[in-house]
Amino acid sequence: QEQMFQLVGAPLVENCLSGFNSSVFAYGQTGSGKTYTMWGPANGLLKEHLSGDQRGLTPRVFERLFARIKEEQVKHAERQLNYQCRCSLLEIYNEQITDLLDPSQKNLMIREDVKSGVYVENLTEEYVNNLGDVSQLLIKGLGNRRTGATSVNAESSRSHCVFTCVVESRCKNVADGLSSFKTSRINLVDLAGSERQKLTGAAGERLKEAGNINRSLSQLGNLINILAEISQTGKPRHIPYRG
Ligand SMILES: Nc1ncnc2c1ncn2[C@@H]1O[C@H](COP(=O)(O)OP(=O)(O)O)[C@@H](O)[C@H]1O
Ligand SMILES: [Mg+2]
């Protein structure tokens, strides 16, 4: 868990503080350790286990994020650096988005506008100030998944789960007293199981479910290949964000 944090978590926090968006996807077969990697072991988000050495990527990222925010605030005290973080948690099952912080909201729509970019309409966002706030939110939200947060139940492998934190910072420019504003996002994603979802013999709901998972994972794979190719070759090409 510590290696994973050093490899992807620590750079993600620095990216975020520099104003860039970052996403981590856990991709793999059911049972390969996606949920364990992202959130940690069962009950690992409880206060008494939050400092355990098996804790997952998410608690490590937020521990670091809040520590770095404090550091930055002290370092740039004269600029009145001020951070606000707000989080949301959603589940995508059969192409439908459920708000895990308010599970009565079951079929949320994806919208896009010039100001906010792509966003999920009416998704609950809650302010967080420390690791304890984040873990409380995750315990509550993951408990609203189609299965318990960490159960190895087959159902949890049929939905994608997305935890997003929007980090906003404001500061004053010492020279002219003007305020500047930066915003960035962290997306931590526990994907549906990547095993071949059997279409043979499946009917009704199961068939639809299998088709949706296969399609979404293969589109995501294509997209990431294209982004990787662009970053390696520098050649511009169409990016199929919408599949
Ligand atoms: N690195 C690890 N160390 C110890 N146990 C692990 C590790 N990764 C996964 N496990 C255990 O293996 C099982 C499957 O992991 P899980 O994260 O639920 O898989 P997935 O979410 O990919 O289906 C769980 O019981 C989990 O606790
Ligand atoms: Mg899982």
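The protein chain is annotated in an unreviewed UniProt entry as Kinesin-like protein KIN12A of Noccaea caerulescens.

Caption draft 1: Region of the structure containing the environment of L46. Mapped onto the fold, L46 is located in the loop between α2 (34-39) and α3 (57-75). In this structure the C-alpha to C-alpha distance between L46 and L138, which are 92 residues apart in sequence, comes to 9.9 Å.

Caption draft 2: Quick peek at the packing of α3 against helix α4 (residues 131-142). The N-to-C vectors of α3 and α4 enclose an angle of 150°; their axes lie 9 Å apart at closest approach. With respect to each other, α3 and α4 are oriented roughly antiparallel. For the pair α3 and α4, the sense of crossing is right-handed. Note on element contacts: α4 touches α3 through L131, V134 and L138, opposite T58, P59, F62, E63 and F66. Residues that form the contact of α3 with α4 fall into these classes: six nonpolar, one polar and one charged.

Caption draft 3: The UniProt feature "binding site: ATP" (unreviewed entry) in the protein chain, seen in detail. Under the local residue numbering, the UniProt record ascribes the feature "binding site: ATP" (unreviewed entry) to G28, Q29, T30, G31, S32, G33, K34 and T35. Following the sequence through the fold, G33 ends up in the loop between β1 (22-26) and α2. Topologically, T35 is positioned in helix α2.

Cut-offs and rules
- Residues numbered from 1 in each chain as written.
- Chains lettered and ligands numbered in written order.
- Predicted model: local features only at pLDDT ≥ 70, side-chain atom pairs only at ≥ 80, totals over all residues.
- Heavy atoms only, no water.
- Helix = DSSP H or I, 4+ residues; strand = E, 2+ residues; numbered from the N terminus.
- Axes fitted to C-alpha atoms, helices over the stretch in contact; angles between N-to-C directions.
- Parallel < 35°, antiparallel > 145°, perpendicular 65-115°, else oblique.
- Left-handed = near helix turned anticlockwise from the far one by under 90°.
- Contact = heavy atoms within 4.5 Å.
- Nonpolar A, V, L, I, M, F, W, Y, C, P; charged D, E, K, R; others polar.
- UniProt positions renumbered as here; feature names shortened; annotations may be inferred.

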